[in-house]
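An overview of the molecular structure
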Amino acid sequence: MDKIENEILRRRTFAIISHPDAGKTTLTEKFLLYGGAVHLAGSVTARRNQQATTSDWMELERQRGISVSSTVLQFNYQDYVVNLLDTPGHKDFSEDTYRVLTAVDAAVMVIDAGKGIQTQTRKLFEVCRQRGIPIFTFMNKLDRPAKDRLALLDELESVLGIHAYPINWPLGDGQEFRGVFDRQTKQVHFFERVVAGAYRAPVSVHDLSDAAVRDKMAPDVYQHVVDELGMLEGAGAGFDRAKVLSGELTPVFFGSAVNNFGVQLLLDGFLNLAPAPQPRSIKERVIDPANDPFSGFVFKIQANMDPRHRDRLAFIRICSGRFERDMTVTHTRTGKKVRLSSSHKLFGRDRDTVDEAYAGDVIGLVGHSEFRIGDTLAIEPSLAYDEIPQFTPECFAWLNSPSTSQFKRFREGLEQLLQEGVVQSFFLKDSAQRVPLLAAVGPLQFDVVQFRLKTEYGADSRLEMGSWKAIRWITADSPEELEKAIVPTGCRWATDTQGRTTLLFSEEWTLEYFVQKNPRLTVSPFPPHAPKTTGSGK
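This text gives an overview of the structure that appears in the document. Note that the structure is a prediction, hence the values are computed from the model and not measured.

Time to look at the side chain of Ser425. Assignment of secondary structure puts Ser425 in strand β25 (residues 424–428). Owing to a relative accessible area of 8%, Ser425 belongs among the buried residues under this scheme.

Of all seven residues making up strand β3 (residues 80–86), seven are buried, and the element is well covered by its neighbours. Side chains of β3 alternate between two faces, with Tyr80, Val82, Leu84 and Asp86 and Val81, Asn83 and Leu85 buried alike. Of the pairings in the sheet, the one linking strand β1 (residues 11–18) to β3 comprises five bridges and is parallel in character. In the sheet register, Arg11 faces β3, and the bridge partner there is Val81. Pairing geometry for strand β2 (residues 71–77) and β3, over seven bridges, is antiparallel. Looking at β3, one finds that Asn76 is bridged to Val81. Linking β2 back to β3 in an antiparallel pair, the connection comprises two residues, with Gln78 at a positive phi of about 55°.

Turning our eyes to something else, we now look at the sheet that holds strand β8 (residues 179–182). Strand order in this open sheet of four strands is β7-β8-β9-β10, and the pairing throughout is antiparallel. Whereas interior strands pair on both sides, the edge strands pair on one side only; in this sheet they are β7 (168–170) and β10 (203–207). Mean inter-strand twist for the sheet, computed between neighbouring axes without regard to direction, equals 25°. Here helix α8 (residues 219–235) sits on the sheet in contact with β7 and β8, set at roughly 150° to β7.

What follows is about the layout of surface pockets. Considering only enclosed or pocket space, the largest pocket measures out at about 1100 Å³ in volume. Contributing to the lining of the largest pocket are 35 residues, with Ile373, Gln390, Thr497, Gln498 and Arg500 lying nearest its centre. Those elements that place two or more of their residues in the lining of the largest pocket are α4 (94–101), α11 (407–420) and β25. Of the residues in the lining of the largest pocket, the class split is 14 nonpolar, eleven polar and ten charged.

Each value, and the rule that gives it
Residues numbered from 1 in each chain as written. Predicted model: local features only at pLDDT ≥ 70, side-chain atom pairs only at ≥ 80, totals over all residues. Heavy atoms only, no water. Helix = DSSP H or I, 4+ residues; strand = E, 2+ residues; numbered from the N terminus. Buried < 20%, exposed > 50% of the residue type's maximum accessible area, 1.4 Å probe, protein only. Pairing = 2+ DSSP bridges. Axes fitted to C-alpha atoms, helices over the stretch in contact; angles between N-to-C directions. Contact = heavy atoms within 4.5 Å. 1 Å grid on protein atoms, 1.4 Å probe; cavity = no way out; pocket = protein on both sides within 12 Å on 5 of 7 lines; lining within 4 Å. Points joined across faces, edges and corners; volume = space filled by probe spheres on them. Nonpolar A, V, L, I, M, F, W, Y, C, P; charged D, E, K, R; others polar.

This is the structure:
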């Protein structure tokens, strides 16, 4: 038991969240550089000529310069085992991002210091707050002109409602940005730029009063920094780790990810302060990471990550106990016993066989077509985590195969992508054809489906957008109540993959009309008994 507990205490499992273009993917790559997981930023160890970012493995991501699929990057750093879950930054892929946030114990929130808090940042922060996830803040892009630093701290409190404590403080911004002052050690860290930020930035450490510090900074910038630090010491609240862990206080770090300024201070500070894997509640029971036997849940399914394998990988967050390869557990949704033999440690698209893992780790399991997102695997047959939230689609479309010769590949590919949760699917009632209506939070998800059907399955497709603007799950005390419902023109009844009744609405006003005319029906943006999100909807 002591070994299991010690191993779990070493684990740090976290995600990086941000608004698009705030620097999330860049910071992810620099964490790998400073963590020793890559030798050159932008390439995987032993693949020095691969210049795409490690976390963006999908060809579509390379083409568009955005992350559209979450990946897991596991590496050892000092005495820690780090599980870094990279998340999509684009708002259309919020479903994938929110699923990832069910599997982490903390989050690093990246903010563009020149723009402050933006829309997507606020939404992701609220998800973290609902789940009680500790948040660490990185004010990025200090190498560009930035907002007033005190104003940025005030924005955290006024917009997000969380208290902020700056762990370090920037020495200027834009062209005057030289480094940061560590408020805990009372030392200045000066950084030197390296070509393309590909290597660790050389650093020199000084006392704030050293002549070298004055020499490297413009007199007015130096005095401004001294004055700001004086204000922080005089009026700022003290640091309280307990409040960090409860989500009431966010430690704030400043720097420039693209230039590697402040990255190691952030990485070291985060790993030191962030929590090890935490207990999870299931109804009235609390599952202890160290003292309960193995359990975990599937939060992501991905096929064809590596063209050499062309297989299906289920991402498992281990919540308690010790995993051993070839162990037998219960797939609690079906009640069947399964043997977990093909298990992998993940690093982007790369994988290595893993023989053991502990609570906090994320592993990949191959060869289990019966696994679905949200499924629980556990020693105890009665255990079932209810972690994965359901999302309200806002875009609807049909996908057809224009080629009869490709139809089998089209059908198999679409079935796999639906199992992965790339998009949702519904079936219209009284429809002549049993063709699924695809539904997504954003239209870019449909582009991913078509792209992957073409590149991974060799199947062309034709997209036909639906005219509906909203969907709601409808429940009633009896089937007769549903039959008597007053339905506006243009709306259509449908069922989800579990047979639950839904109604598609052509306009927002038709939704409001339906609610007014059918007060005995329950109208919800979420399926019955599904965990809720902060998504839109009435």
